[in-house]
Amino acid sequence: MKEGTLNGRDGYREPSHISTGQVGLWLFLAVATMLFAALLSAYIVRMGQSDWHPFPKPGLLWFNTGVLLLSSVSLRWASSALRQGNQKRAQLGFVAGTTLSVLFLIGQIWSWSVLQQLGYFLNTNPSSSFFYVLTAIHGLHLLGGLIVALWAARNTERLRLFVMYWHFLTIVWVVLLGLIVLT
Amino acid sequence: MHATVTFTVLILIVVGAVVLVASGIWWLTPLASNWGDIDAALLITLAVIGIAFVVLNLFLAYVVWRYRHREQGRAHFWPDDTRLEKLLIGITALGIVVLLAPGLFVYSKFIQPPQDAMVIEVLGEQWRWSYRYPGPDGKLGRANPKLISPKNLFGVDLTDPAAQDDVLSYSELHLPVNQPVLLEIRAKDVLHSFFIPNFRAKMDAVPGMVTRYWFTPTVEGKFQAVCAELCGIGHHRMQSPVISERPENFQQWLAKQPTVAATVKP
Amino acid sequence: MPHDGPQSFWTKYIFSQDHKTIAIQYTITALLVGLFGLVLSWLLRAQLGFPGSFQFLNPGSYYQILTQHGMIMIVYMLTAILLGGFGNYLIPLMVGARDMAFPFLNMLSYWVYFLSVIVLMAAFLVPGGPTGAGWTLYPPLSALPNAAPGSGWGIKLMLISLVIFIAAATMGGLNYVTTVLQFRTRGMTLMRMPLSVWGIFIASVMALLAFPVLFVGGVMLLLDNVLGTSFFIPAVTLFGQQLPREGGNPLLFQHLFWYFGHPEVYIVVLPAMGIASDLISTHARKPIFGYTAMVIALAAIATIGFIVWAHHMFVSGMNPYFGFFFAVSTLIIAIPSAVKVYNWLLTLWKGNIHFTVPMLFGIGWISTFIIGGLTGLPLGNVIADVPLHDTYFVVGHFHLVMGVAALMAIFGGIYHWFPKVTGRMLNETLGKLHFWVTFVGSYMIFFPMFLMGIVGVPRRYFDFNVLQYLPPQTGGLNLFITIAALTVGVAQLLFLGNLIWSAMKGKRADANPWRAATLEWQTPATPPAHGNWGEQVPTVHRWAYDYSVPGAAQDFIPQNVARTSDPSPVAHPQERGAQRAG
């Protein structure tokens, strides 16, 4: 592992195929999982109170979900292309993936304005409060990922980790969407 | 020199702690309810931890003095002893069972109020306690926090027939002695906690829900309810007299208090 | 050597990515924040010892000071100094790494922590002052306008500061855990790591899993406060006014808070346990007794520590049947905790105890952890908690177990590692004075509180005037506690003075003044240079506790000394199986 020496470790290393970056990412995914698990438990507890009124779900959410899934797929494609040394395809996949992610974020913000036009604001009902909070926290995780995207673009290992993070956020979104739509 | 000092100080701490406890100046207030069992469970627990505190600290004192550094001294290389560890774990587990088993037994009684308990509502707000008694029908009328207003301080639902005869007390809690009581506790604004030290029990008052506990006053007299959950700048002043009296005196007092029908206007 | 190269003042001292510099930055900041928290506690004691004597101490300011004292000490002092300070300094040096896994993130962690402290302190300057809703920040009190002091800007800054702190703690935690997993040097197996590293490692895992839950609770509370959502706020009437809230559940916040809050206790206590273990073993010249059991106990406490949180809520109004479960899980934790106490005592047994300042603090740790830990049992035994909950018994308990005991380990650790950090010894006479005043004084402050709690004195009272059931001597007792608290406070100033004076003028230290076996004492330079190990990182051949090995020339064998030079085959208990001796 080249980064190892850079980060202050040289000499012997226990035989292991897990890179330091991967360990760090897994730990961060554990942190994020706790965060979303806490939000979801709060959601489920709060849902049980009598004042919970469902709000109309903008159809846009389904479109957004499709966009996010596509972005995950294209980044995956970019990552395997980079591993095979196909710079051009990797670049294409990367640009497509990040663009689709930005599109997803725009779509999410749009869905907020759709809801506000329908009269559902952050403080209207706990169901809408949770919708805004869940989408905002999920969106911030994506935004944070996009900020480091350029740093990850040209390095096989970094791009692999980046894509893993993206898959994680896609799965989280699908779970959140399921809960939001069902309640 | 330091070994002796350490030894002496540890011994003095143990002696000082024991003397302070034994002086009896600060101890449980006189019990005035049926919860002698809570006292018993508490005292068993305190006895177990008290013994552990004394034994462990005396052992520590002995060890630091006995095995202080000496010229040419060398420690004994003794990294492990699984049998000894298992023995110590066994003793600890036993101690914990001794204090936990009776505790859980008493707790199960504490959370199961008897059928014949008289229900009284306790309402906490910044920074006082008020009370609502069921009238002759023996039932408290429904209440709804949304109905609270200057004319309806309890938020009583006037459409409930059971509510009309409810009796209100804005200052004191009167209780008939030897009658089991179930408190239904509400809060108007923030968290409070209704605590009567002589009765041993307490429970938080939580806006949006009703919390409960029960007891039987067994001693006539005047006691004090205080607030045990931080509730703002008046927290330390939030208290109320609690009077445990003969049933006939209680009935006389109750008859003089205002009813919902007489005082609450929609 | 990857680390050589020109360094400017800024990259060497301010935005340094060297774990040792970051550790010092964390420690100094946390100590200053702790000094501030200490002064706040003097004000609290001034009111309780001399009620009504100070104009500026009214119920409002008292509850603000109380809240800030609690939050500052638990989060911004104890957590920061143990993980950010000790964790940063010790992990790479003790596992034989050149630095942390992610040095840039590590630097960022400190500066984000620094920012959280600035935001925290800013609350003292804004209109209305800092929040006075109690460090637990229970809604509705914390969320509603004007319900508590500091309910305007104060609570907002508090929550924002916490969210920033959580970001810092997460960056730090990722580093500590990854470094332990990935950067151990050749031969440094997990079961050869010193217990300090084990304690910090497990506490960091706990922090990574617990802080996100506080983050969620904090964000929701902030929205309830700022935007009028009803996550935690039911229909309430405040000062005769109905507020437009409905349906929220105050207990939901308590669950989120304590799901973080109880692990937080162990986030502080586990590193302290590890540090105390190393102090006791080194200065008693004896291997830590039952190393494997100590590691298992740390892991057990951490695991069970995630399923005991609702013992803080026995009388909160939650489903009373939960009480059975949480009482049992809580008291089970007493077993691994007790194992640790026995093993510290058995480490001293037949030892060769040098009464150095770190050893004294190690002894102080054992004694205060015993009283602090034991008094947790009545609070965990659900029915005994009913009369004791939210009384001074609780105040005595948590101050002793996670305040005083943790500080005993922290102080002991500072006296122990100061020579490595600065190359100079701390003044021993001042150190001993510091220890005795702190140790005896802490008993004087907190032991009487158990008795006040048994009487039924509620905590968080501005004064005790309305309580009619107090013995008449209680005023005198409070005065006594206040005098003890101020005396202990002065001793801490002495300690800070000692730190500053000794860092500049202290006696020069050897590379290994305590003749310790762990790796950090075997660095080629003292203080260790950037990169820690010179040309070659050390290779580890044995566990961290080869003290007084029979037949060995010296009473310690460093971890990087090869096994072949052992005079005796008995050196590594893990490899030759547990040895029984009498």
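Coordinates for the structure precede this section.
Notes on the structure follow. Quantities reported herein were computed from a predicted structural model and do not represent experimental measurements.

Taken together, the contact pairs 88 residues of chain B with 100 residues of chain C. Taken together, the elements giving at least two residues each to the side of chain B that touches chain C come down to α1 (2-22), α2 (36-66), α3 (82-110), β6 (192-195), β7 (202-205) and β9 (221-227) of chain B. Partitioned by chemical class, the residues of the side of chain B that touches chain C number 56 nonpolar, 19 polar and 13 charged.

Ranked by contact count, the leading pair among the two pairs of chains in contact consists of chains B and C. Across the gap from chain A to chain B, with no contact made, the nearest C-alpha atoms are 10 Å apart.

Compared with the 32 Å implied by 1.5 Å per residue over 22 residues, the 31 Å span of helix α5 (residues 126-147) of chain A between its first and last C-alpha is a close match. Three or more residues of α5(A) are buried, namely Pro126(A), Ser128(A), Ser129(A), Phe130(A), Phe131(A), Tyr132(A), Val133(A), Leu134(A), Thr135(A), His138(A) and Leu142(A). Close packing links the buried residues of α5(A) with α2 (20-47), α4 (87-117) and α7 (156-182) of chain A together with α6 (195-226) of chain C.

Right, let's get into unusual backbone geometry. Here the bond from Gln126(B) into Trp127(B) is cis, since omega is -5°, no more than 30 degrees from zero. Among the structural elements, Trp127(B) can be located in the loop between β1 (118-125) and β2 (128-133). In this chain, Pro139(C) is followed by Pro140(C) through a cis amide linkage whose omega measures 0°. Structurally, the position occupied by Pro140(C) is in the loop between α4 (103-122) and α5 (153-182). Positive phi outside glycine occurs at Asp390(C), with the angle close to 55°. Along the chain, Asp390(C) falls in the loop between α12 (382-388) and α13 (392-422). Even without being a glycine, Asn532(C) presents a positive backbone phi close to 70°. Judged by the 24 C-beta atoms lying within 10 Å of it, Asn532(C) is buried.

A word on the nonpolar core. Within the largest apolar cluster, 322 residues are counted, with the highest numbers of intra-cluster contacts made by Ala272(C) and Ala405(C). No other element matches the 23 residues that helix α3 (residues 59-95) of chain C contributes to this core.

Here we take up the packing of helix α14 (residues 428-455) of chain C against helix α15 (residues 474-505) of chain C. Packed helices, taken two at a time, are described by the angle their axes make and the gap between the axes. Residues and elements named next belong to chain C. Where α14 contacts α15, the axes come no closer than 8 Å and their chain directions differ by 155°. One way to sum up the angle between α14 and α15 is to call them roughly antiparallel. The handedness of the crossing between α14 and α15 is left-handed. Across the interface between the two elements, Leu-430, Gly-431, Leu-433, His-434, Val-437, Thr-438, Gly-441, Ser-442, Met-444, Ile-445 and Pro-448 from α14 touch Leu-477, Ile-481, Ala-484, Ala-485, Thr-487, Val-488, Ala-491, Leu-494, Phe-495 and Asn-498 from α15.

This part covers the interface of chain A and chain C. Counting from both sides, the interface comprises 30 residues of chain A and, opposite them, 38 residues of chain C. Here the element with the most residues in the side of chain A that touches chain C is α2(A); it accounts for 14 residues. Here the side of chain A that touches chain C is composed, by residue class, of 16 nonpolar, ten polar and four charged.

Let's shift gears to the pairing of β1(B). All names here are of chain B. Counting buried positions along β1 gives six out of eight residues, so the element sits mostly inside the fold. Here seven bridges tie β1 to strand β5 (residues 181-187), and the two strands are oriented parallel to one another. Bridged to Val-119 within β5 is Leu-182. Here β1 pairs with β2 via five bridges, running antiparallel. Paired with Glu-121 across the strands is Arg-132, a residue of β2. In textbook terms, the turn of a hairpin is the stretch between consecutive antiparallel strands, and for β1 and β2 this stretch comprises two residues.

Moving on, we come to the sheet that holds strand β3 (residues 167-169) of chain B. Residues and elements named next belong to chain B. One open sheet accounts for five strands, arranged β3-β2-β1-β5-β8; its pairing is mixed. Looking along the sheet, the strands with just one partner apiece sit at the ends: β3 and β8 (211-215). Each strand of the sheet is rotated relative to its neighbour by a mean of 25°, with strand direction disregarded. Inspection of the sheet shows β5 paired to β8 by five bridges, in the antiparallel sense. Across the sheet, the residue bridging to Val-181 is Phe-215, located in β8.

All names here are of chain B. On the basis of which strands lie adjacent, the open sheet formed by five strands has the order β4-β10-β9-β6-β7 and mixed pairing. Each end of this open sheet is capped by a strand with a single partner; those strands are β4 (173-176) and β7. Taking the axes of each pair of neighbouring strands and ignoring which way they run, one obtains an average angle of 25° across the sheet. Pairing of β6 with β7 involves four bridges; the strand directions are antiparallel.

This part covers the environment of Tyr321(C). Here Tyr321(C) is to be found in the loop between α8 (291-304) and α9 (322-348). Through-space distance from the C-alpha of Tyr321(C) to that of Pro358(C) is 45 Å; in sequence the pair is 37 residues apart.

The rules behind these values
Residues numbered from 1 in each chain as written. Chains lettered and ligands numbered in written order. Predicted model: local features only at pLDDT ≥ 70, side-chain atom pairs only at ≥ 80, totals over all residues. Contact = placed C-beta atoms within 7 Å. Helix = DSSP H or I, 4+ residues; strand = E, 2+ residues; numbered from the N terminus. Nonpolar A, V, L, I, M, F, W, Y, C, P; charged D, E, K, R; others polar. Expected span 1.5 Å × (residues − 1). Buried ≥ 20, exposed ≤ 12 C-beta atoms within 10 Å, placed from the backbone. Core = buried A, V, L, I, M, F, W, Y, C linked by C-beta atoms within 7 Å. Axes fitted to C-alpha atoms, helices over the stretch in contact; angles between N-to-C directions. Parallel < 35°, antiparallel > 145°, perpendicular 65-115°, else oblique. Left-handed = near helix turned anticlockwise from the far one by under 90°. Pairing = 2+ DSSP bridges.

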